[in-house]
Amino acid sequence: MTKVLQVRGLVASYGSTRVLQGIDLDVEQGQVTALLGANGAGKTTTLRALCRFQVRTQGSVTFRGERIDNRSTEQIAALGVGHVPDGRGTFLGLTTEENLRLGGHARRDRAATERDLERMYEYFPRLKERRSQQAGTLSGGEQQMLAIARALMAKPALLLLDEPSFGLAPLIVKDIFAIMRRVRSEEKVSILLVEQNARIALELADTAYLLETGQVVKHGTSADMKNDDAVRRAYLGE
Ligand code: ATP
């Protein structure tokens with residue numbers, strides 16, 4: 001299998017506080033890899049460190065065979081790493097459709113971009129209904145859908161998805177994960193998914209890493225993780 005992302009010894013600090021202690025992880029081409037862990041374990045910081053956003057880093061990050069740990073956030077995005085941050089990062093004063101078009105603004109293939117816009121509306125019919133509505137007036141679930149769709153409009157090879165379930169009702173979370181299942185089978189995109197909701201993350205993911213206080217303490221296939229006693233007790237509530 002080809003690795004789309006290979007991370008070795010990733011350290012991240014906010015000022016003088018070191019939060020990631022040297023993380024190794026891989027994302028295989030076309031797969032969904034989950035990053036699990038409790039509050040404060042360093043999941044969000046890992047995604048920020050991969051795109052060198054708001055945090056100081058050391059260690060090596062190789063994306064499609066190329067080192068990106070010395071690149072800027074903008075360069076990393078342009079190389080094909082899409083980041084859907086927690087807090088979502090949509091432009092609340094713009095409409096749904098303006099946000100989606102902004103997601104694809106750097107692309108030169110106009111006709112394909114238009115087709116992708118329509119495909120996003122197929123994945124997320126709620127967004128189509130709300131295409132002219134200001135993003136700030138969308139529900140939490142719709143804003144999450146918009147953030148994901150906007151990132152997909154850039155045609156990333158790797159999508160970093162930060163806690164898509166955060167603050168949403170269980171039914172909406174189920175909807176979003178069902179759509180993500182479709183996206184992963186139809187789009188050429190690999191996904192690194194941060195989730196506190198281990199149960200739903202392991203349903204979607206192929207492999208998973210468990211973080212505790214800035215270190216990887218376990219990793220394996222989703223099936224292995226679901227069967228691991230410690231994971232079951234601490235994260236699946238069994
Ligand atoms: P959560 O689900 O609560 O966001 P997490 O696993 O994503 O948890 P992080 O947000 O990465 O955890 O936080 C890891 C540690 O880094 C925490 O101790 C947190 O307080 C600290 N931290 C996060 N952001 C900052 C920041 N901007 N400045 C200083 N410390 C921070």
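Fair warning: this is a prediction, and the values are worked out from it, not measured in the lab. (Residues numbered from 1 in each chain as written. Predicted model: local features only at pLDDT ≥ 70, side-chain atom pairs only at ≥ 80, totals over all residues. Heavy atoms only, no water.)

**Comments concerning the packing of aromatic side chains**
- Scanning all chains against the criterion turns up 1 aromatic pair.
- With a centroid separation of 6.5 Å and 75° between ring planes, the pair formed by Y123 and F124 is classed as edge-to-face. Neither Y123 nor F124 differs from the other in exposure class; each is buried. (Phe/Tyr/Trp six-rings, centres within 6.5 Å; stacked < 30°, edge-to-face > 60°. Buried < 20%, exposed > 50% of the residue type's maximum accessible area, 1.4 Å probe, protein only.)

**Overview of helix 3 (residues 96-103)**
- The set of residues buried in helix 3 consists of T96, E97, N99, L100 and G103. What you see down the axis of helix 3 is that its buried residues fit within an arc of 160°, all on one side.
- Each element contacted by the buried residues of helix 3 is listed here: helix 4 (110-123), helix 5 (125-129) and helix 6 (140-153). (Helix = DSSP H or I, 4+ residues; strand = E, 2+ residues; numbered from the N terminus. Arc of directions from axis to C-beta. Contact = heavy atoms within 4.5 Å.)

**So, the pattern of salt bridges**
- Applying the stated criterion across every chain, the model contains 24 salt bridges.
- For the salt bridge of R126 with E142, the shortest nitrogen-to-oxygen distance reads 3.3 Å. Taken as a pair, R126 in helix 5 and E142 in helix 6 lie far apart in primary sequence, 16 residues in all.
- Looking at R126, the relative accessible area reads 27%, which means it is partly exposed.
- Exposure remark for E142: the relative accessible area of 4% places this residue in the buried category.
- Linking E129 and R130 is a salt bridge whose minimum nitrogen-to-oxygen distance equals 3.7 Å.
- A residue is classified by how much of its surface remains accessible, and E129, at 57% relative accessible area, is exposed.
- The network of salt bridges with common partners includes E97, R101, E114, E118, K128 and R131. (Salt bridge = Lys/Arg side-chain N within 4 Å of Asp/Glu carboxyl O.)

**Some remarks on helix 6**
- Taking 1.5 Å of rise per residue, 14 residues should cover 20 Å, and helix 6 covers 20 Å from first to last C-alpha, within 8% of that figure.
- In terms of burial, helix 6 is a largely internal element, 13 of the 14 residues being buried. (Expected span 1.5 Å × (residues − 1).)

**Structural notes on the sheet that holds strand 5 (residues 66-67)**
- If you trace the 4 strands from one edge of the open sheet to the other, you get 2-1-4-5, paired in antiparallel fashion. Two strands bound the open sheet, and with one partner strand each, they are strand 2 (17-28) and strand 5.
- Pairing of strand 1 (residues 3-14) with strand 2, which is carried by 9 bridges, proceeds in the antiparallel orientation. Following the sheet pairing, A12 is matched in strand 2 by L20.
- In this fold helix 1 (residues 43-50) packs onto strand 1, strand 2 and strand 4 (56-63), with an angle of close to 110° to the strand it touches most, strand 1. (Pairing = 2+ DSSP bridges. Axes fitted to C-alpha atoms, helices over the stretch in contact; angles between N-to-C directions.)

**What about unusual backbone geometry?**
- Despite not being glycine, R64 shows a phi value in the positive range, around 45°.
- Relative to the helices and strands, R64 is located in the loop between strand 4 and strand 5.
- Judged by its relative accessible area of 54%, R64 is exposed.
- Backbone geometry at T213 places phi at a positive 35°, although glycine is not the residue there.
- Looking at the element boundaries, T213 is found in the loop between strand 9 (207-212) and strand 10 (215-221).

**Some details on the site of the ligand**
- With respect to spatial proximity, 13 residues lie near the ligand, and among them N39, G40, K43, T44 and T45 are the closest.
- Between an oxygen atom of the ligand and a main-chain N or O atom of A41, the distance comes to 3.1 Å.
- Within the backbone of K43, an N or O atom sits 2.8 Å from an oxygen atom of the ligand.
- The fraction of the free accessible surface of the ligand (630 Å²) that becomes covered by protein chains is 58%.
- Broken down by element, the residue count for the shell around the ligand peaks at 4 residues, all from helix 1.
- Looking at side-chain class alone, the shell around the ligand contains 4 nonpolar, 6 polar and 3 charged residues. (Near = heavy atom within 4 Å. Polar contact = N/O pair within 3.5 Å; in protein donor to acceptor, adjacent residues only side chain to side chain. Areas by Shrake-Rupley, 256 points an atom, 1.4 Å probe, with all protein chains shown as cover. Nonpolar A, V, L, I, M, F, W, Y, C, P; charged D, E, K, R; others polar.)

**Comments concerning the sheet that holds strand 6 (residues 81-84)**
- Spatially, 6-7-8-3-9-10 is the arrangement adopted by the 6 strands of the open sheet, whose pairing is mixed. Among the strands making up the open sheet, the edge pair consists of strand 6 and strand 10. Ignoring which end each strand starts from, the neighbouring axes of this sheet average 15° apart.
- Sitting on the sheet, helix 7 (residues 170-186) touches strand 3 (32-36), strand 7 (158-162) and strand 8 (190-195), and the angle it makes with strand 8 is about 160°.

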